[in-house]
Amino acid sequence: MNKTSPLSLVLLLSFAASVCQASTVTKRLAPGVTLTQEIDTKTPLVINVVSVDLTVASVHPEVAIGQDKIAGSDVTKGREDVAQIAKRHRALVAVNGDYFPYTGDPLGVGIRNGEIFSEPWTGNAKGGPRAAMGITDDGKRALFDVLGFLGDFQAADGQRVVIRGINRAGGPGEIVVYSSIYGDATANKPGGTDIVLSGVNLPLRANKMVQGKVEAVLASSNGVTPIPANGLVIAGAPGAGSNFLSAHVHAGDTVGFVLGVGTPNSLTSSVQVANLPREGDLPSRAGAGIDRKAFLWGRISHAIGGGPRLLVGGQISVDGAAEGFDSNFTDSTHPRTAVGTNAEGSRLYIVTVDGRQTISKGVSLAAMAAIMKRYGASEAINLDGGGSTSMAVGGITISSPGGVGDERPVADMLLIGSDKPYIQTAPEQPLLPVMEIQPENVVGMPPAAFVRGPQVVAAASTLPIGGVTTLKIVDGAKTIKGDAAEVIWQGPASGGAGFVDQSGGFVALAAGAAKITALYKGQLYSTTITVSPPVVPVTDIYAVRARIAADPASPTRRSVLSVQILNGAQKPGQAMPVHIEVTGGKADRVDAPTDADGGVTFRINWDSVAGGLVTVSSGTLASVTIGQPK
């Protein structure tokens, strides 16, 4: 049987035809920020690339957290759609970030505005640690490293213990730190020990000596301790962590700790960075014997985790196993998200590739690395992908998450903001649609007095599945072509009924009402195209034919059922599944595929000499029921 269905082939060829003359479109979003969409119709792939010049003063990269808190009480448990958070933060570009365990807690490192809210993922039995990207404190350079973590807590009596995590539930006997970014209260295991700190020299920065006064020691706590807005909670899970805190920490004590972040071989140096002279809240100079990477990670303003690395020093370098990923993840084709930089670290490349769809099959990590390199990246890491892959520009989704446009809420995101955008981000609550008035129904007013607002206009209002059309904006007397820089098209039409590329080309993918949305002058405008199922020629329609006859070897109790599947042109349906259900008897088998002639036979032993029935079916084809021969 062919692996590509006729309908899939129609969709693919239609998509290729719709974009064959404009496989790449580039739009300037702001000074230093461009969007390029590449349509590869051969593979096929839909690739979105945002290039960001970090040296431009008006450009601001940042990391955001879903719902601005890690823990949430809703069904997403603290996560949020990429497009929604882009609108809330008025971000020009937004893309999904790190992996997550279907909560708001990213698996790897997270730093926002200099404050660390999640520790690096340091590994498990499968491998690790994993790669991450950081943005320097001035926002003008990106660096990429595989990161380790070393949390060092010191009690007032000089005793020390390891801190294992930040803003997450602790494992058996672990000690973790909770800040107000987590939420209103901790999630420690009942029976542990929580200590509440006040007067803390916030923010909670990596490679910094953090100190505070112990307000309370809550032994055998219920695990849900309120987190003070200007303080912290150190939580010890039942076991070694709880025992240490209850034995060595007392109300009124001053305690301190360092959350060391750096390359695995520089973690001791990362802790030592806390003792360096500081300029404001940042280490001012590396100092003798201090690893430079440890110093730099102490000055990071934003960081996001991911993995594995894709490019190192301009060369493709994908070692999934070293970072805890299996070969199916690295080698199979999936939707992907990645971020990279040029050799100087001054230009970001943010890339998504749609996948698991007729119009874009996805890529392996090696292929993703090659795409990053082709666009100019020298260093790059993979971010979360699959159903999480999503890119928003101006607050609308231009990629095609999951093939139907249903975004998966994610834990954290990478945002690009600009003080001088050419594209205004869509509002959280769109304006009401422009009311259309028929001038001829209004007495005494000339038609010229009524001017319609901007409209999305399609060359065709109805299409079959696989059909294509072009889109434009009509703004009064002005017509704006679909590929114009001032128009951003939402990629997925509602319900997965179609896809719009950034040149304004629409391809119909599924039957239904396809709502098409464009961002223009900071507002959203829509139109609807009706997509109908394709008309299948009669010659292509297959049907089940069946006949039954007495078996000459036992004419009264046994019959031979012959089934054949043919289409209107008498072409046999090969390797098609056939299923039978027998009433009043038993068949030698109930499931079998058709042969090269579209046929298959079954033998039936009847319980009596008359009255039996057999129903023959094959997938969605109409079934046939015939009786036991007399």
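Scroll up to find the structure this text is about.
What counts, and at which threshold
Residues numbered from 1 in each chain as written. Predicted model: local features only at pLDDT ≥ 70, side-chain atom pairs only at ≥ 80, totals over all residues. Heavy atoms only, no water. Helix = DSSP H or I, 4+ residues; strand = E, 2+ residues; numbered from the N terminus. Buried < 20%, exposed > 50% of the residue type's maximum accessible area, 1.4 Å probe, protein only. Contact = heavy atoms within 4.5 Å. Lys, Arg positive; Asp, Glu negative; His and termini not counted. Charge placed at Lys NZ, Arg CZ, Asp CG, Glu CD. Pairing = 2+ DSSP bridges. Salt bridge = Lys/Arg side-chain N within 4 Å of Asp/Glu carboxyl O. Arc of directions from axis to C-beta. Polar contact = N/O pair within 3.5 Å; in protein donor to acceptor, adjacent residues only side chain to side chain. Axes fitted to C-alpha atoms, helices over the stretch in contact; angles between N-to-C directions. Phe/Tyr/Trp six-rings, centres within 6.5 Å; stacked < 30°, edge-to-face > 60°. Lys NZ or Arg CZ within 6 Å of the ring centre and 35° of its normal. Core = buried A, V, L, I, M, F, W, Y, C linked by side-chain atoms within 4.5 Å.

Caption draft 1: A look at the overall build of the protein chain. The secondary structure content of the protein chain amounts to 7 helices and 45 strands. By its C-alpha atoms, the protein chain is 100 × 80 × 55 Å across when sized along the principal axes. A buried classification covers 53% of the 630 residues belonging to the protein chain. For the protein chain, restricting intrachain contacts to residue pairs at least 6 apart in sequence, the fraction spanning at least 24 positions comes to 65%. Separation of charge centres in the protein chain, based on 51 positive and 52 negative side chains, amounts to 4 Å.

Caption draft 2: Structural detail: the sheet that holds strand 21 (residues 309-312). Ordered by their spatial adjacency, 8 strands build an open sheet running 1-2-3-24-23-25-21-22, and the pairing between neighbours is antiparallel. The sheet terminates laterally at strand 1 (24-30) and strand 22 (315-316), the two strands that pair on one side only.

Caption draft 3: Molecular detail of the pattern of salt bridges. What the rule picks out here adds up to 14 salt bridges. In this structure, the salt-bridge partner of Asp-145 is Lys-293, at a minimum N-O distance of 2.7 Å. One end of the pair, Asp-145, is in strand 9 (residues 142-146); the other, Lys-293, is in helix 5 (residues 292-297), and 148 residues separate them in sequence. With relative accessibility at 5%, the residue Asp-145 sits in the buried group. A salt bridge links Asp-152 to Arg-160, with the nearest nitrogen and oxygen atoms 2.4 Å apart. Linked through salt bridges whose partners overlap, the residues forming this network are Asp-68, Glu-80 and Arg-88.

Caption draft 4: Region of the structure containing the environment of Ile-423. Among the structural elements, Ile-423 can be located in the loop between strand 28 (412-418) and strand 29 (455-458). Look at Ile-423 and you get buried, because its relative accessible area is 4%. Not counting the four nearest positions on each side in its chain, Ile-423 is found in contact with Leu-29, Leu-92, Gly-394, Ala-485, Glu-486, Ile-488 and Leu-519.

Caption draft 5: Spotlight on helix 7 (residues 365-374). When helix 7 is considered as a whole, its buried residues turn out to be Leu-365, Met-368, Ala-369, Ile-371 and Met-372. Within helix 7, the buried residues cover an arc of 160° as seen down the axis, which keeps them to one side. Taken from the residues just after helix 7, Gly-376 is the one with a positive phi, measuring 115°.

Caption draft 6: Broad picture of the pairing of strand 24 (residues 347-353). Taken across its 7 residues, strand 24 has 6 buried, putting it largely inside the fold. Sheet analysis places strand 3 (residues 45-53) next to strand 24, joined by 7 bridges and oriented antiparallel. Within strand 24, the residue paired with Val-49 across the bridge is Val-351. As defined by bridge partners, strand 23 (residues 336-341) adjoins strand 24 across 6 bridges and the pair is classed as antiparallel. Residue Thr-341 lies in a different strand from strand 24, and its bridge partner there is Leu-348.

Caption draft 7: Up close: the side chain of Lys-27. The topology assignment puts Lys-27 in strand 1. Here the side chain of Lys-27 touches Ala-484 through a polar contact of 3.2 Å, landing on its backbone oxygen. At a separation of 2.5 Å, a polar atom in the side chain of Lys-27 contacts the main-chain carbonyl oxygen of Val-487. If near-sequence neighbours (up to four positions away) are discounted, Lys-27 is found in contact with Val-33, Thr-34, Leu-35, Gly-482, Asp-483, Ala-484, Ala-485, Val-487, Ile-488, Trp-489 and Gln-502.

Caption draft 8: Layout of the sheet that holds strand 43 (residues 599-606). With antiparallel pairing, the 4 strands of this open sheet are ordered in space as 38-39-43-41. Each edge of the sheet is formed by a strand with only one pairing partner; in this case those strands are strand 38 (542-550) and strand 41 (585-587). Taking the axes of each pair of neighbouring strands and ignoring which way they run, one obtains an average angle of 25° across the sheet. The pairing of strand 38 with strand 39 (residues 558-567) spans 9 bridges and is antiparallel. Along strand 39, the bridge assignment pairs Ala-550 with Ser-559.

Caption draft 9: Representation of the environment of Thr-103 within the structure. Relative to the helices and strands, Thr-103 resides in the loop between strand 5 (93-96) and strand 6 (110-112). Along the backbone, Thr-103 and Gly-78 are 25 residues apart, and their C-alpha atoms lie at a distance of 6.1 Å. A distance of 3.2 Å separates a polar side-chain atom of Thr-103 from the backbone nitrogen of Asp-105.

Caption draft 10: Helix 3 (residues 240-248), seen in detail. Three or more residues of helix 3 are buried, namely Gly-241, Ser-242, Phe-244 and Leu-245. The buried side chains of helix 3 occupy one side of the element, clustering within an arc of 165° when seen end-on. Against the buried residues of helix 3 lie strand 10 (148-154), strand 11 (160-163), strand 13 (175-178), strand 14 (193-198) and strand 16 (232-236).

Caption draft 11: Inspection of unusual backbone geometry at higher detail. Note the cis peptide between Thr-43 and Pro-44, where omega equals -5°. Here the amide bond leading from Leu-202 into Pro-203 is cis, since omega sits at 10°, within 30 degrees of zero. Note that Pro-203 resides in the loop between strand 14 and strand 15 (209-218). Of note in the backbone geometry, Gln-67 takes a positive phi value of approximately 60° without being a glycine. Structurally, the position occupied by Gln-67 is in the loop between strand 4 (59-65) and helix 2 (82-88).

Caption draft 12: Expanded view of the packing of aromatic side chains. For the structure on display, the rule yields 7 aromatic pairs. Relative to Phe-329, the ring of Phe-325 has its centre 4.8 Å away and its plane inclined at 20°; by these criteria the two rings are stacked. The class of Phe-329 is partly exposed, set by a relative accessible area of 22%. Connected via pairs of aromatic rings, a cluster forms that spans Tyr-99, Phe-325 and Phe-329. Above the face of the Phe-325 ring, Arg-130 is positioned so that its terminal group lies 4.0 Å from the ring centre. Over the ring of Phe-329 we find Arg-336; its NZ or CZ atom is 5.1 Å from the centre of that ring.

Caption draft 13: Broad picture of the nonpolar core. Counting 45 residues, the largest nonpolar core has Val-33 and Met-133 as the members making the most contacts within it. Those residues in contact with Met-133 that sit more than four places away from it in its chain are Ala-142, Leu-143, Phe-144, Trp-297, His-302, Ala-303, Ile-304, Val-339, Leu-348, Ile-381 and Leu-414. The next biggest cluster of nonpolar side chains, apart from the first, holds 38 residues, and it includes Ile-163, Ile-195, Phe-244 and Phe-295.

Caption draft 14: Up close: the side chain of Thr-193. With respect to the secondary-structure elements, Thr-193 resides in strand 14. Engagement of the side chain of Thr-193 in a polar contact is seen with the side chain of Ser-242, the distance being 2.7 Å. Beyond its immediate stretch of four places on either side in the chain, Thr-193 contacts Asn-188, Val-217, Leu-218, Ala-219, Ser-220, Ile-234, Ala-235, Gly-236, Ser-242, Leu-245 and Ser-246.

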